[in-house]
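# Geometric and topological summary
The primary structure of each chain is shown beneath.
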Protein chains: 2
Amino acid sequence: MASPLTAARVPTRRHRAAPVSATRFDRRLAQIINHATDVFCKKGYEGASMRDLSRASGMSLAGLYYYFESKERLLFLIQKHTFTTIVQRLKSRLEGVSDPEQQIRIFILNHLEYFLANPASMKVLTHEAEALKNGFASEVAAIKREYYRICVSLLDELKTDRALQFSTRIAVLSLFGMMNWIYTWHNPRVDADAEQLASEMSDIFLRGVMTGTRTRNGR
Amino acid sequence: MASPLTAARVPTRRHRAAPVSATRFDRRLAQIINHATDVFCKKGYEGASMRDLSRASGMSLAGLYYYFESKERLLFLIQKHTFTTIVQRLKSRLEGVSDPEQQIRIFILNHLEYFLANPASMKVLTHEAEALKNGFASEVAAIKREYYRICVSLLDELKTDRALQFSTRIAVLSLFGMMNWIYTWHNPRVDADAEQLASEMSDIFLRGVMTGTRTRNGR
DNA sequence: ACTAGATTCGAACGAACGTTCGAATCAGGC
DNA sequence: GCCTGATTCGAACGTTCGTTCGAATCTAGT
């Protein structure tokens, strides 16, 4: 639970990982995960073969299985690490901010900054959301639910604070749609950077949600 | 080009389709396409096997190849038919409406109505957008570009009409994100119908895009 | 009832899939 | 320099993949 990369494999039942080699193991696994993320991004989870991953990471097909026990678990490691990181960063950024509008702007900025800094990871996270099964799926779903609920609570705060009227569920899911859809169109050579994009999307979303139905206490 | 389902196969080079059997052929192909859409929706394009499609449509594996020459072409037929239909309906609905705000509301309503009436088709269209290659891909991309440009022109009209200031590109793509993301969360037993959803999303989007920077001619 | 083309199918093709196994190689503490 | 466990690999496993082929079966016009 501490480091999302450990526990990838309890390096076989016979021998436990010496503390020195555990570092080495984790560093190598992280490299493999990075290469695998690119491949999953390019070809999709189902479309990417273990042989593709082998080629991309420069390790033999059999060698990969020393680091993770199945292709599905590799995808799980990618998604869990990505999602955990983005939630972590969000929480630390939200600390000390109390204005709900500012909090939502931070939420959007955090999401888009991470998205554009790690486009492959985020595409694999959003586009392959249904690829995992059973235990793997539910563990990622739990993180997603936490992330979703943070956004809901920020919006609910805004709603009561400014006496607004809108469906929180639809607003939150519309916002996620705006942000996550980015992976289908963003071109770093053409489009603005995260800060600019976050500002424009925040404007559209916040105006959209705050205008019109204000009844008291408006700014 | 007339009917998107014809030309699925020029029923072999040896014999041309008699006009009577052409109808039969098309009807059967349409059934297969419907079943295949459900399977692609549930398991993804890469994850669905021809044997899955055979089972779902009640036709033998070999029998399917009488109706289309490859799995990829089948996906192409689904995407082309879906996209063509939605563009067609949009155009007919836009006729005679000249107010840009009303036009955008119609655009959103048309999109969401078709989305919720044909969720499997629309999920296959949006989620498998990168699955096709070369010729297949570019033909669908052409329809997508037309659809995109219609939305751009509506927004540009609104922008000059009301002297607004925003990035059309980001606004359009944010709108598509809001709308297309629906396939990841909409639950017909919980969520509102298309009309209600379209109304709420239109409110968020239009307020978001119209508020604040209005300099003259405001309503 | 016969026929010719439209439609369907069982069986098989070679290729690619995810995964496993045992042996070879490596690295670090003695 | 040796030994032990950590790491890597070639080769192969059985399964499933998309597609093909020729024969069988339907269907409709005569």
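All values derive from a computational prediction rather than experimental measurement. (Residues numbered from 1 in each chain as written. Chains lettered and ligands numbered in written order. Predicted model: local features only at pLDDT ≥ 70, side-chain atom pairs only at ≥ 80, totals over all residues.)

## As for the overall build of chain A
When helices and strands are tallied, chain A shows 9 helices and 0 strands. Starting at the N terminus and ending at the C terminus, chain A contains elements arranged as α-α-α-α-α-α-α-α-α. Burial statistics for chain A: of 219 residues in total, 33% are counted as buried. Excluding contacts between residues fewer than 6 apart, the proportion of contacts in chain A whose partners are at least 24 apart in sequence is 71%. (Helix = DSSP H or I, 4+ residues; strand = E, 2+ residues; numbered from the N terminus. Buried ≥ 20, exposed ≤ 12 C-beta atoms within 10 Å, placed from the backbone. Contact = placed C-beta atoms within 7 Å.)

## Observations regarding the environment of Asp203(A)
Looking at the element boundaries, Asp203(A) is found in helix H9 (residues 194-210). Judged by the 18 C-beta atoms lying within 10 Å of it, Asp203(A) falls in the partly exposed class.

## Regarding the interface of chain B and chain A
Between chain B and chain A, the contact holds 27 residues from the first and 27 residues from the second. Where the side of chain B that touches chain A is concerned, the elements lending two or more residues are helix H8 (168-180) and helix H9 (194-210) of chain B. Take the side of chain B that touches chain A: its biggest share by element is 9 residues, from H9(B). Considering only residue class, the side of chain B that touches chain A consists of 13 nonpolar, 10 polar and 4 charged. (Nonpolar A, V, L, I, M, F, W, Y, C, P; charged D, E, K, R; others polar.)

## Considerations on the nonpolar core
Within soluble globular proteins, side chains that are nonpolar tend to cluster in buried spots. Ranked by internal contacts, the top residues of the largest apolar core, which has 107 residues, are Phe40(A) and Phe40(B). Residues in contact with Phe40(B), not counting those within four places in the same chain, are Tyr45(B), Ala48(B), Leu75(B), Ile78(B), Val124(B) and Glu128(B). (Core = buried A, V, L, I, M, F, W, Y, C linked by C-beta atoms within 7 Å.)

## Examining the environment of Glu46(B)
By the secondary structure assignment, Glu46(B) is in the loop between helix H1 (19-43) and helix H2 (50-57). Assessed through the 17 C-beta atoms surrounding it within 10 Å, Glu46(B) is described here as partly exposed. Separated by 72 residues in the primary sequence, Glu46(B) and Asn118(B) place their C-alpha atoms 21 Å from one another. The contacts of Glu46(B), once residues within four sequence positions are left out, are Gly44(A), Glu46(A) and Gly47(A).

## Remarks on the relation of the copies chain B and chain A
Overlay of chain B on chain A (RMSD 0.0 Å): rotation 180°, translation along the axis 0.0 Å. Between the two chains, the operation in question is that of a two-fold axis. For chain B, the smallest separation between a C-alpha atom and the rotation axis is recorded for Gly208(B), amounting to 1.9 Å. Counting the interface residues of chain B, we find that 100% of their copies in chain A are interface residues as well, pointing to one common contact surface. (Least-squares fit on C-alpha atoms with pLDDT ≥ 70 in both.)

## Things to note about helix H4 (residues 71-94) of chain A
Residue and element names in this part refer to chain A. In this model, H4 (24 residues) spans 35 Å end to end at C-alpha, consistent with the 34 Å of a helix rising 1.5 Å per residue. Listing the buried residues of H4 in full gives Leu 74, Leu 75, Phe 76, Leu 77, Ile 78, Gln 79, Thr 82, Phe 83, Ile 86 and Leu 90. Just past H4, the residue Gly 96 takes up positive phi, approximately 85°. (Expected span 1.5 Å × (residues − 1).)

## So, the packing of helix H4 (residues 71-94) of chain B against helix H6 (residues 119-127) of chain B
Residue and element names in this part refer to chain B. With their axes 9 Å apart at the nearest point, H4 and H6 run at an angle of 110° to one another. Judged by the angle between their axes, H4 and H6 are roughly perpendicular. Between H4 and H6, the residues in contact are Ile 78, Gln 79, Thr 82 and Phe 83 and Ser 121, Met 122, Val 124 and Leu 125, respectively. For the contact of H4 with H6, the class distribution of residues is 5 nonpolar, 3 polar and no charged. (Axes fitted to C-alpha atoms, helices over the stretch in contact; angles between N-to-C directions. Parallel < 35°, antiparallel > 145°, perpendicular 65-115°, else oblique.)

## What to know about the packing of H4(B) against helix H5 (residues 100-117) of chain B
All names here are of chain B. Interhelical geometry of H4 versus H5 gives an angle of 145° and a closest axis separation of 10 Å. As for the relative orientation of H4 and H5, their crossing is right-handed in sense. Together, Ile 86, Arg 89, Leu 90, Arg 93 and Leu 94 of H4 and Gln 103, Ile 106, Phe 107, Asn 110 and Tyr 114 of H5 make up the contact between the two elements. In the contact of H4 with H5, the residues fall into 6 nonpolar, 2 polar and 2 charged. (Left-handed = near helix turned anticlockwise from the far one by under 90°.)

## Observations regarding H9(A)
Residue and element names in this part refer to chain A. Along its 17 residues, H9 runs 23 Å from first to last C-alpha, staying within 8% of the 24 Å computed at 1.5 Å per residue. Within H9, 12 of the 17 residues are buried, which leaves the element mostly enclosed by the surrounding structure. Gly 212 lies just past H9 and shows a positive phi near 95°.

## Examining the confidence of the model for chain A
Mean pLDDT over chain A works out to 90, with 87% of the residues at or above the 70 mark. For the stretch residues 214-219 of chain A, pLDDT sits under 50, and the model shows 8 contacts to residues farther than four places along the chain or on other chains. (pLDDT = per-residue confidence, 0-100.)

## Description of the environment of Arg162(A)
Locating Arg162(A) in the fold gives a position in helix H7 (residues 134-162). Separated by 46 residues in sequence, Arg162(A) and Gly208(A) have C-alpha atoms that sit 14 Å apart.

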